[in-house]
Amino acid sequence: MVSLSLPNSLVTDVLLEDEEHEDISIKKGSSGKLSDEELLARTIEKALKTKKLAQSSNMTSSVKVALTAEDLLDQIGIWHPYPLFITFSMAFLWLLSVMPTMSPSYMAPSSPCTLDNCSFVTVQHEFNITKTLIDPGEMTSSVFFLGNGVLGQIYAVAADSLFISGLSGIGAAYAPSFELMLVGRFFQGSCFTVTLPIRNIINWAFQALTMINWVMCCESISFSGHGYASVLFGLCWVIGYCSVSPLAIYFSTWRYVQLATSIPCVLFGILMLFTLPESFSFLVAKRKRDDLVKWIEMAERVGHEEIDYDADQIVDMSSREDDNKSLLQTLKIVLQSKLMMTYTAVESFLIIDLMIYSALSLSSTGVGSHNMHLSYIFSGLVEIPSYFLIPAAIDWLGRKPSVMVCHLILAFSLLSMYLFDHEADPEIFLIIWLIAKFAVASAFMLCFVYGAELFPTNCRSICLGTCATISNLGAVVAPHVPAMDIFFPGLHYLFYALCAFICTILTTILPETKENHSVPRSQQQSLA
């Protein structure tokens, strides 16, 4: 006789199962019941099946099969080595990109150096450029933004655009004439789509108007990581911004500064050509299944862990979400909507902040202090608090009030700069100037966050692209706005303050979008 020590529930299940199924293949005893040996065998078999089902159930509950692009990026996580590599690489590009953008602060300063140790050779000095109504040397900055506005949307690969930017910058450094230098700066600027660090924790990714590297980062990491990424991008922006000053201290001429800010772009561009993957969301959108699988397999090798996914389902779900509207169809929808046209017009004026930001940044070496390098570095460091304060402000106050408050602070700061005599107390003037710089940096960030929530998904790119183009026009004229001081001193500060006040008033036309960021993209309203 075999002694049974198995759970009574399993034994009972086997006996009940045997009574219900007469065609069972196990031999029965003379009494028509299972023998002890047969009952033991059946019970063990039942126990093994139960254990296997339990393990399968636990696995299903703990590992979710990714069926969409967002599910897969969420499964990978924000601290996975592969998306971290992409994020840090793209953030480092911001460090490299800001240096040639802000280098005209030293290469072609708006105010000539009046100190005894002014040994740095500027563009104006080398090419014997004299200032009339405007300073032609400041075209060094204007053509950079002009190139961005004219050709900035042509390049589609971050590594290619960085490489071309570096080569164009090197060509400008060796230009034998002022005109050829401007040509080089034009093409260098065409590779850089201007934007400031933005808190992107809401359910969208910037497409048409932000830099390719920011887009690629957003498309290759989970939405939960966009906020962390924006802070990292902002810190890299400030590091690159401030690093122009030691370069100008170390080198004695604008040519070496131009060269020093361009060569790293070429070297890093070459490195990225061999190491940087394609954007994950781009592969999904273009239905490149094989390349998509390779991307995921690389993430598995780098992270030393297996990712559970269905590539066919991911691609299929992406095609279902596509509205299949062409650019012309989307443009027609926008033009037929008075509401979207109004929002675009207002947002376009709000992004005139880039003109004020560029003007303050490029003039920072001649503001308020006898130490031009200290003034410039402070103008970069003052932006750091905005990367941490603005995200909290938009959640606490809302988008619309935050935009209005920042523009009001900017307006009063600029008005104070107009009324204040900067020669009487340059240190106090510098403090007011830094407050204005912080306010305009914050306002510009908020305008893009606000705008991206303001426009529906299917017309967001074209509307914000229009706003970005207009903002580039503002950056082009920014170095030359001080020419209006010919009428009376400080008029350009009054003009900037007026623009900031108008922005505050125009913001009242727009709706609050505080709750929009919590709505999934699949549920966001779009124009029909």
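Residues numbered from 1 in each chain as written. Predicted model: local features only at pLDDT ≥ 70, side-chain atom pairs only at ≥ 80, totals over all residues. Heavy atoms only, no water.

Peer 1: Tell me about the overall build of the protein, residues and numbers included.
Peer 2: On a plain count of helices and strands, the protein comes out with 25 helices and zero strands. Classification of the 528 residues of the protein by burial places 52% in the buried group. Of the roughly 24900 Å² of accessible surface on the protein, a fraction of 64% belongs to carbon and sulfur atoms. (Helix = DSSP H or I, 4+ residues; strand = E, 2+ residues; numbered from the N terminus. Buried < 20%, exposed > 50% of the residue type's maximum accessible area, 1.4 Å probe, protein only. Areas by Shrake-Rupley, 256 points an atom, 1.4 Å probe, with all protein chains shown as cover.)

Peer 1: An account of the environment of W94 is needed here, citing residue identities and associated values.
Peer 2: Locating W94 in the fold gives a position in helix α4 (residues 81-102). Along the chain, W94 and G234 lie 140 residues apart, while their C-alpha atoms are 8.3 Å from each other.

Peer 1: So what about the pattern of salt bridges? Which residues, and what values?
Peer 2: Summed over the entire model, instances satisfying the criterion amount to four salt bridges. For E126, the salt bridge is made with R255, and the minimal N-O distance between the two is 2.6 Å. Within this pair, whereas E126 is found in helix α6 (residues 123-126), its partner R255 is found in helix α12 (residues 254-260), the two being separated by 129 residues in sequence. Overall, the relative accessible area of 30% leaves E126 in the partly exposed class. In this structure, a network of salt bridges that share partners links the residues R289, D290 and D312. (Salt bridge = Lys/Arg side-chain N within 4 Å of Asp/Glu carboxyl O.)

Peer 1: Explain the environment of C191 residue by residue, including any values.
Peer 2: Note that C191 resides in the loop between α9 (178-189) and α10 (212-220). C-alpha of C191 to C-alpha of L151: the two residues are 40 residues apart in sequence and 7.7 Å apart in space.

Peer 1: Hey, could you go over the nonpolar core for me, with residue numbers and the actual values?
Peer 2: Judged by nonpolar contacts, the single largest core of 123 residues is most densely connected at M90, V123, F280, W295, L414 and M417. Looking at this core, the element that brings in the most residues is helix α23 (residues 426-454), giving 16 residues. The residues contacting F280, other than those within four sequence positions of it, are A69, L72, L73, E219, S220, L292, W295 and I296. (Core = buried A, V, L, I, M, F, W, Y, C linked by side-chain atoms within 4.5 Å. Contact = heavy atoms within 4.5 Å.)

Peer 1: Kindly report on a nonpolar patch on the surface, identifying the contributing residues and their values.
Peer 2: A cluster of nonpolar residues, W396, L397, V405, I409, I428, I431 and I435, forms a patch on the protein surface that exposes about 660 Å² of accessible area. If one sorts the elements of the nonpolar patch by residue count, α23 sits on top with three residues. Here I435 shows up in helix α23. Assessed through its relative accessible area of 41%, I435 is described here as partly exposed. (Patch = residues over 30% accessible without salt bridge, like charges linked within 9 Å, V, L, I, M, F, W, Y side chains within 5 Å.)

Peer 1: Account for α9, with residues named and values stated.
Peer 2: With twelve residues, α9 should reach 16 Å at 1.5 Å per residue; the first-to-last C-alpha distance of 16 Å fits that figure. All of the buried residues along α9 are F178, M181, L182, G184, R185, F186, Q188 and G189. (Expected span 1.5 Å × (residues − 1).)

Peer 1: Lay out the packing of aromatic side chains with the relevant residues and their values.
Peer 2: Tallying each qualifying case throughout the model produces 17 aromatic pairs. Judged by centre distance (5.9 Å) and plane angle (50°), the rings of F127 and W254 are tilted. Of this pair, F127 sits in the loop between α6 and α7 (139-151) while W254 sits in helix α12, placing them 127 residues apart in sequence. Taken as a pair, F127 and W254 share a single burial class, namely buried. Centre to centre, the rings of F251 and Y256 are 5.9 Å apart; their planes meet at 55°, and the pair counts as tilted. A relative accessible area of 46% places Y256 in the partly exposed class. Taken together, the ring pairs connect Y82, F280 and W295 into an aromatic cluster. (Phe/Tyr/Trp six-rings, centres within 6.5 Å; stacked < 30°, edge-to-face > 60°.)

Peer 1: Describe unusual backbone geometry, and please don't skip the residues or the numbers.
Peer 2: In this model, N128 sits at a positive phi of 55°, which is unusual for a non-glycine residue. Tracing the chain through its elements places N128 in the loop between α6 and α7. The backbone of H304 sits at a positive phi, close to 55°, despite the residue not being glycine. Assignment of secondary structure puts H304 in the loop between α15 (289-303) and α16 (311-321).

Peer 1: Can you break down helix α21 (residues 384-396) residue by residue, with the values?
Peer 2: In an α-helix, one turn spans 3.6 residues, which is why side chains three or four residues apart end up on the same side. Maximum bend of α21: about 30°, positioned at I390, with proline P391 one to four residues after it. Where α21 is concerned, the buried positions are S386, Y387, I390, P391, A393 and I394. A positive phi of about 105° marks G398, the residue just after α21. (Bend = angle between axes of the 7 residues up to and from the residue.)

Peer 1: Go over the packing of α4 against α15, please, and point to the residues and values.
Peer 2: Running from N to C, α4 and α15 cross one another at 105°; their axes reach a closest spacing of 8 Å. With respect to their mutual orientation, α4 and α15 come out roughly perpendicular. Residues P81, Y82 and I86 of α4 form the contact with α15, whose own contacting residues are W295, M298, A299, V302 and G303. Of the residues assigned to the contact of α4 with α15, the class counts are seven nonpolar, one polar and no charged. (Axes fitted to C-alpha atoms, helices over the stretch in contact; angles between N-to-C directions. Parallel < 35°, antiparallel > 145°, perpendicular 65-115°, else oblique. Nonpolar A, V, L, I, M, F, W, Y, C, P; charged D, E, K, R; others polar.)

Peer 1: Break down the confidence of the model for the protein for me, with residues and values.
Peer 2: The share of residues in the protein with pLDDT of 70 or more is 73%, and the mean pLDDT across the chain is 76. Element-level pLDDT for the protein is lowest in helix α1 (residues 8-20), with a mean of 48, against a maximum mean of 95 in α12. In this model residues 194-210 is a low-confidence stretch, pLDDT under 50, and it forms 82 contacts with partners more than four residues away in sequence or in other chains. Confidence drops under pLDDT 50 across residues 517-528; counting only partners more than four residues distant or on other chains, this segment forms 28 contacts. (pLDDT = per-residue confidence, 0-100.)

Peer 1: So what's going on with the state of the cysteines? Which residues, and what values?
Peer 2: Taken as a whole and judged by the stated rule, the model has zero disulfides. Between C499, a free cysteine, and C503, which holds the nearest cysteine sulfur, the sulfur-to-sulfur gap is 6.8 Å. (Disulfide = S-S within 2.5 Å.)

Peer 1: Give me the lowdown on the packing of helix α18 (residues 338-350) against helix α25 (residues 491-507), citing residues and values where you can.
Peer 2: Where α18 meets α25, the closest approach of the two axes is 9 Å, and the angle between their N-to-C directions is 150°. Relative to α25, α18 is oriented roughly antiparallel. The interaxial crossing formed by α18 with α25 has left-handed handedness. Where α18 abuts α25, its residues V346, F349 and L350 lie against C499, I502, C503, L506 and T507. Tallied by class, the residues present in the contact of α18 with α25 amount to seven nonpolar, one polar and no charged. (Left-handed = near helix turned anticlockwise from the far one by under 90°.)

Peer 1: Give a detailed account of the side chain of E138, specifying residues and quantitative values.
Peer 2: Of note, E138 is situated in the loop between α6 and α7. Judged by its relative accessible area of 7%, E138 falls in the buried class. Setting aside its immediate chain neighbours within four residues, E138 contacts A108, P109, S110, P479 and H480.

Peer 1: Any chance you could break down the environment of I170 for me, citing the residues and the numbers?
Peer 2: Note on placement: I170 falls in helix α8 (residues 158-173). Under the relative-accessibility criterion, I170 is labelled partly exposed at 23%. Counting along the chain gives 96 residues from I170 to V266, while the straight-line C-alpha distance between them is 9.2 Å. Among all residues touching I170, those that are not within four sequence positions of it are L259, S262, I263 and V266.

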